Amino acid sequence: MDTNRFSNVAEPLLASVRRVPDRTAVVFKGRELTYAQFNDEVNRTANVLADRLGLKAGERVAYLLPNCIEILETYYAAQKLGAVVVPINFKHIARELAYLLQSSGASALVFAADFAEKVAEAVELMDDPIALACTRAGNAKAPVAKSLCGVEVVDLDQARGEALAAEPELFQDAESFSRIQFTGGSTGLPKGACRTHRADLVELAGVLDSNAIESCEHPVVLIQCPLEHHGGHSWFTMAFAAGATLVICAVFSAENILAEIERRRVTHMILLPPITYLRLLHCPTIDDYDLSSVQLVQSAAGATSHRMIGSIYRHFPNAVLNYGWGQSESGLGTTLVITRQMLQDKSPLLESVGRPMTGLELRVVDEEGREVGPGVAGEAQVRSGAVMAGYWKQPELTQRAFTEDGWLRTGDVMVRDDQGYCTLVSRKRDIIKSGGENVFIGEVERVISEHPGVADVV
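For the structure given in this document, a descriptive report is provided here. (Residues numbered from 1 in each chain as written. Predicted model: local features only at pLDDT ≥ 70, side-chain atom pairs only at ≥ 80, totals over all residues. Heavy atoms only, no water.)

Mapping Ser293 onto the fold places it in the loop between α10 (275-281) and β14 (296-299). Of the residues examined, Ser293 reaches a relative accessible area of 11% and is grouped as buried. Polar side-chain contacts of Ser293 include one of 2.7 Å to the backbone oxygen of Val266. (Helix = DSSP H or I, 4+ residues; strand = E, 2+ residues; numbered from the N terminus. Buried < 20%, exposed > 50% of the residue type's maximum accessible area, 1.4 Å probe, protein only. Polar contact = N/O pair within 3.5 Å; in protein donor to acceptor, adjacent residues only side chain to side chain.)

Listed below in structure tokens is the structure:
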């Protein structure tokens, strides 16, 4: 897909709505929506956000939602209006929630009814007013609050049922912010990575290419990782751009995931972090399920191991394992298809995170910013149209994040070989000085993780 012709991240979805309107777009807890139906729900949500919450282009709307269809509808509704989404991890406590809402300047919050008590506590801590909308988010029994701390709460489910499905006028400005993705990093307060429509569209093109999903006649994508996470956004936007059927898992359940793979004939899947695959592979009934439909298994956001790779290939007979590295700030990252032959040959590439994805430049530099040669460890720096615009309202931090010639300092230490394959050895802050030598934590962890009695290590 040529995403260069778009100026709003909702346009790849709209292209699929026109191309395959009657194909199932999303499946969650037995509920299924076609592309046409899903787009209608997005439009109803957009009209509620605009008419009932007063949301305008450029304003921030946060969501505190578990994995559910509503998180997708809210995301695309906001994009069509030109609002900026602020995804929030629902595991945050009230104090953290209040901080993220205030620091992002969110004018509205969409939250799940199950989190009403947390939201009420957060609102009490806030100085600025905020509009509230509540949804059951797939939990039919959850009561929707009418007001919290004197603030009227819009029943999003009811309001959407009464709203028109008319297509709102599509906001079009590729350089405007589409999302503020908060990332904790290693130290300090969370940082809001500002991502533009253009950056996310460039990332989308790279992700589509790295997974070769468009070559699949009817892809079916299963996502278990949090949809509010950068990886979740990356994969659900990829799924809808490819006209895939998206199967959402609410929480990790090995039996449920395996049953959905068999029932829906899943072709592409992502579970995060990698330890989740071990939990799935250790399910005592895994051999009772037909997993032959899976063509690609995606892993990232943590180290893998030879044992895990071997187990994936034993249980997914027709799949390849795609592994990689990336950041909320970088958008794109590196990618590597780990083949069965690599595993059989015990290839050194099994330790690699691959080569830069299409559209990304990557260099490795020393402490003085000079590029180093193959086999020498240094900080990975990247440059791409997919890189963030900066950190929200943190100009000094933004300035430190970029070099004078426009490269993003990732803070990750890598070694690159003469073929361009990268190996992630450590975070820059996670280097131990021992006897005058640098010891990379990642290398220590990798050795320990190969012990048969170790499930995971940090």
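Before going further, it helps to spend a moment on the state of the cysteines. Enumeration over the complete set of coordinates arrives at zero disulfides. Among the cysteines around Cys68, which has no disulfide bond, Cys134 carries the closest sulfur, lying 11 Å off. Cys249 provides the cysteine sulfur closest to Cys283, a residue in no disulfide bond, and the two sulfurs are 13 Å apart. Among the residues examined, Cys283 registers a relative accessible area of 8% and is labelled buried. (Disulfide = S-S within 2.5 Å.)

Turning our attention to the sheet that holds strand β18 (residues 360-365). With respect to topology, four strands assemble into an open sheet ordered β18-β19-β21-β22, the strand pairing being antiparallel. Each edge of the open sheet is held by one strand with a lone partner, namely β18 and β22 (422-427). Taken pair by pair, the neighbouring strands of this sheet meet at an average axis angle of 45°, ignoring direction. In this sheet, strand β21 (residues 408-416) lies alongside strand β19 (residues 378-384) in antiparallel orientation, the contact comprising four bridges. Paired with Val382 across the strands is Leu408, a residue of β21. (Pairing = 2+ DSSP bridges. Axes fitted to C-alpha atoms, helices over the stretch in contact; angles between N-to-C directions.)

Moving on, we get to the sheet that holds strand β17 (residues 355-356). Strand order across the open sheet formed by nine strands is β2-β1-β12-β11-β13-β14-β15-β16-β17, with mixed pairing between neighbours. Since the sheet does not close on itself, it has two edges, and those belong to β2 (31-34) and β17, each with one partner. Pairing of β14 with strand β15 (residues 320-325), which is carried by four bridges, proceeds in the parallel orientation. The residue of β15 that forms the bridge with Ser299 is Tyr323. On the sheet, helix α3 (residues 69-81) packs against β1 (24-28), β2 and β12 (245-248) and is oriented at approximately 30° with respect to β2. Packing of helix α11 (residues 306-315) onto the sheet brings it into contact with β14, β15 and β16 (334-338), and relative to β15 it is tilted by some 145°. (Contact = heavy atoms within 4.5 Å.)

A word on the pairing of β15. β15 sits mainly inside the fold: five of its six residues count as buried. Here five bridges tie β15 to β16, and the two strands are oriented antiparallel to one another. Its bridge partner being in β16, Trp325 is matched across the sheet by Thr334.

Both faces of strand β11 (residues 220-223) are covered, namely the face carrying Val220 and Leu222 and the face carrying Val221 and Ile223. Both β11 and β12 contribute to a ladder of four bridges, which runs parallel. The residue of β12 that forms the bridge with Ile223 is Ile248.

So far we have only geometry, and geometry alone does not tell us how the molecule works.
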